[in-house]
Amino acid sequence: MDLLVLYLRDLRNDAGLTVAALRRLLVEAMRDEPADPPAEQTLHRLLSGTNLHMKPRLAEAVADVCVRAVRGDRQAARQRVGEFYVRARKEKPKSQGGPDRKPKDDHGAIEIQRLRIELQRKHQENLQLAAEVTAAKRLLSSFVPGGTGGAVIGDDLFGEMLERIQHIAASSEDALAEAQAARAETARLREWMISYPWDWSSTPGEVDGAIGVVERAELSAPLEAPSDDSSSTEAPPEKKPSSSADPELDQLARALIRMDPTGARMAGVIENASGYLLDGGRTGRYEWKQLSRTEKVLFGSTVQRLMQGEFGLTDGAGRLDFTLEGIDFDLKWTLLPNGRWLFGPEHVGELCVVAEANDRTGKYSYGVVRVRPEYLKPMSNRDLKSWLTREGREAIRWIREDGNLHTGVLQHLTEEERKAILGQDRSVRRLTELFRRVQGRRLTRSDLATVCRAPDPMRRLRDALPQLSREGILVVAGHLGNCSVLTALGTPEPAPGEWVGLRLAPADGEPGPVIDLDGTSWRKARPEDPEIPLP
């Protein structure tokens, strides 16, 4: 069962699914089954191996859901799960150890199992300490003077509780460091066992589950034939990073620059993904922080899908996302600042296109990097994923850095302005208020739909235009051929699918920029000018 547990864990990591998200997908996938999926906590124990030998149908469903999430071969995954159950039934009565196993082999396998158990124990200690810190902080906040419902306490007791929290936090960090060290030692021994030139064609009995560890490595990458010096336990020398010694990175960067010289195509991909997930016409949402946690996770896969279509990319080989000009690479996306992309062990040595964006600043960046071990921080999460160091970020070959995104206009308004616009009881009134308060700026169809709370805002805009005209507000559409009417007054020229509104007043011979409307001169209105209908 150890092999099956590790296989399912790898599938779930590849799909990027938490246990909670996995259960939600299982509910949908097993709706025609006589029994529902187990509760989240029970599912977590099953995926750790507890009673999994009694749940072959559930294991097949988990593999199917995970593989479907990454568009893999579902039939092959189900068949592999079945093979694990057959192997488990055959090997169950066998004795521990075999006549051909060498003592040094047993020692390495037992050591790996011991380290795995130690790693799990340290991880549990870390979780308990973290929970204790959280509970202590919550208790302390309830006692802070002026807190809601709390009592005022003395400085001595306050200081004592702070010292206790610091002690617990320090203990938690120590436990985490020990767990990281155990994980690194496990990885080192695993590599040693893989590189050792013994014959795995025979199937001796398991030694404390160590064979499962080796076969887990076989699942991720098939073993190559050992060379003459493969008995050495030393790792092969790694290539030193060099800005001019990576022709594949140079070729991929040149291809992306050639396809997207201004960065506009990638900006369009991000903007379309944002519009698709926000769906302002139906939800009224206008900024990324309003997305749910699941939708933020889907942001990356949506960017991936749209980028593939926009750039004409083909599916990559193995675990990598795409292929361009014969070069395989992965796409990494993040909404977090400072490039917090997570890279797993399978990305080490591979090319990755990294992209980040921030709708508050309206900026995005994307580039290419070769993920080298020295570019990753030593600490990692439970899935052994880590992020780039400062040196790793400096090694990125940027295709576009700090490019401009067109984000929703509502998020750049003050809270008072948003309330005045969205507080209207009808969509036409909300749209009218939008053009009153947002003048001289480009408004997209998405902006209008979000304000109207309607996927098609054009009818509401036509209904709002007479009232806007009576108030002296001229609305120019980028697709009607009059997009440059207001540019003489300092407004930007709207592109097709955009609108710009501006309140005007009769020029009456005053100096300054003017435009001609039906033979009369009009200028940009000042706040104190009265509202005069347009001709």
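Structure: see above.
Residues numbered from 1 in each chain as written. Predicted model: local features only at pLDDT ≥ 70, side-chain atom pairs only at ≥ 80, totals over all residues. Heavy atoms only, no water.

(A) Representation of the nonpolar core within the structure. Counting residues in hydrophobic clusters, the biggest one holds 34 residues, and the most contacted among them are L252, M266 and V353. In terms of residue count, helix α10 (residues 264-278) provides more of this core than any other element does, seven residues in total. Aside from chain neighbours lying at most four places away, what touches V353 is L252, L256, M307, F329, D330, L331, K332, Y366, G367 and V368. Formed by 29 residues, the second largest nonpolar core is a distinct cluster that contains A15, M30, A59 and V65. (Core = buried A, V, L, I, M, F, W, Y, C linked by side-chain atoms within 4.5 Å. Buried < 20%, exposed > 50% of the residue type's maximum accessible area, 1.4 Å probe, protein only. Helix = DSSP H or I, 4+ residues; strand = E, 2+ residues; numbered from the N terminus. Contact = heavy atoms within 4.5 Å.)

(B) Up close: the packing of helix α2 (residues 19-29) against helix α3 (residues 40-47). Their axes nearest at 10 Å, the elements α2 and α3 cross at an angle of 105 degrees. Considered as vectors, α2 and α3 are oriented roughly perpendicular to each other. In this structure, α2 contributes V19, A20, L22, R23 and L26 to the contact, and α3 contributes E40, L43, H44 and L47. Across the contact of α2 with α3, the residue classes tally to six nonpolar, one polar and two charged. (Axes fitted to C-alpha atoms, helices over the stretch in contact; angles between N-to-C directions. Parallel < 35°, antiparallel > 145°, perpendicular 65-115°, else oblique. Nonpolar A, V, L, I, M, F, W, Y, C, P; charged D, E, K, R; others polar.)

(C) Structural context of the sheet that holds strand β5 (residues 363-370). Judged by pairing direction, the sheet is mixed, and its six strands sit side by side in the order β1-β2-β3-β4-β5-β6 without closing on themselves. In this open sheet, the two edge strands, each paired with only one partner strand, are β1 (314-315) and β6 (397-404). Note: strand β4 (residues 351-358) against β5, eight bridges, orientation antiparallel. Paired with E356 across the strands is S365, a residue of β5. Here α10 sits on the sheet in contact with β3 (327-334), β4, β5 and β6, set at roughly 110 degrees to β5. Along the sheet, helix α12 (residues 293-311) makes contact with β1, β2 (322-324), β3, β4 and β5, crossing β3 at roughly 140 degrees. (Pairing = 2+ DSSP bridges.)

(D) Geometry of the side chain of D64. Its location among the elements puts D64 in helix α4 (residues 56-69). In contact with D64, other than residues within four places in its own chain, are R74 and R78.

(E) Spatial organisation of the packing of aromatic side chains. As enumerated under the stated definition, the model contains three aromatic pairs in all. Ring plane angle 25 degrees and centroid distance 5.2 Å describe the contact between F299 and W333, whose orientation is recorded as stacked. With a gap of 34 residues between them, F299 in helix α12 and W333 in strand β3 connect regions that are remote in the sequence. For F299, a relative accessible area of 0% translates into the label buried. When its relative accessible area of 15% is taken as the criterion, W333 is described as buried. Following the ring pairs from residue to residue traces out a cluster consisting of W288, F299 and W333. One cation-aromatic arrangement involves R265 over F311; the distance from NZ or CZ to the ring centre is 5.0 Å. In this structure, R340 packs its charged tip against the face of W387, placed 4.3 Å from the ring centre. (Phe/Tyr/Trp six-rings, centres within 6.5 Å; stacked < 30°, edge-to-face > 60°. Lys NZ or Arg CZ within 6 Å of the ring centre and 35° of its normal.)

(F) Just the environment of C452, in detail. By secondary structure assignment, the location of C452 is in helix α16 (residues 445-452). On the accessibility criterion, C452 (3% relative accessible area) is buried. Separated by 25 residues in the primary sequence, C452 and S427 have C-alpha atoms spaced 4.5 Å apart.

(G) Structural context of the pattern of salt bridges. In the structure shown here, the tally under the stated rule is 24 salt bridges. For E433, the salt bridge is made with R437, and the minimal N-O distance between the two is 2.7 Å. Taken as a pair, E433 and R437 lie in helix α15 (residues 427-437) at a separation of four residues, close to a single helical turn. A relative accessible area of 37% means that R437 is categorised as partly exposed. Because the salt bridges share partners, they merge into one network encompassing D246, E248, R370 and R372. (Salt bridge = Lys/Arg side-chain N within 4 Å of Asp/Glu carboxyl O.)

(H) View of unusual backbone geometry. Unusually for a residue other than glycine, D402 sits at a positive phi of about 55 degrees. Inspection of the secondary structure assignment puts D402 in strand β6. Of the residues examined, D402 reaches a relative accessible area of 51% and is grouped as exposed.

Honestly, that's just the spatial picture; any functional story needs more than this.
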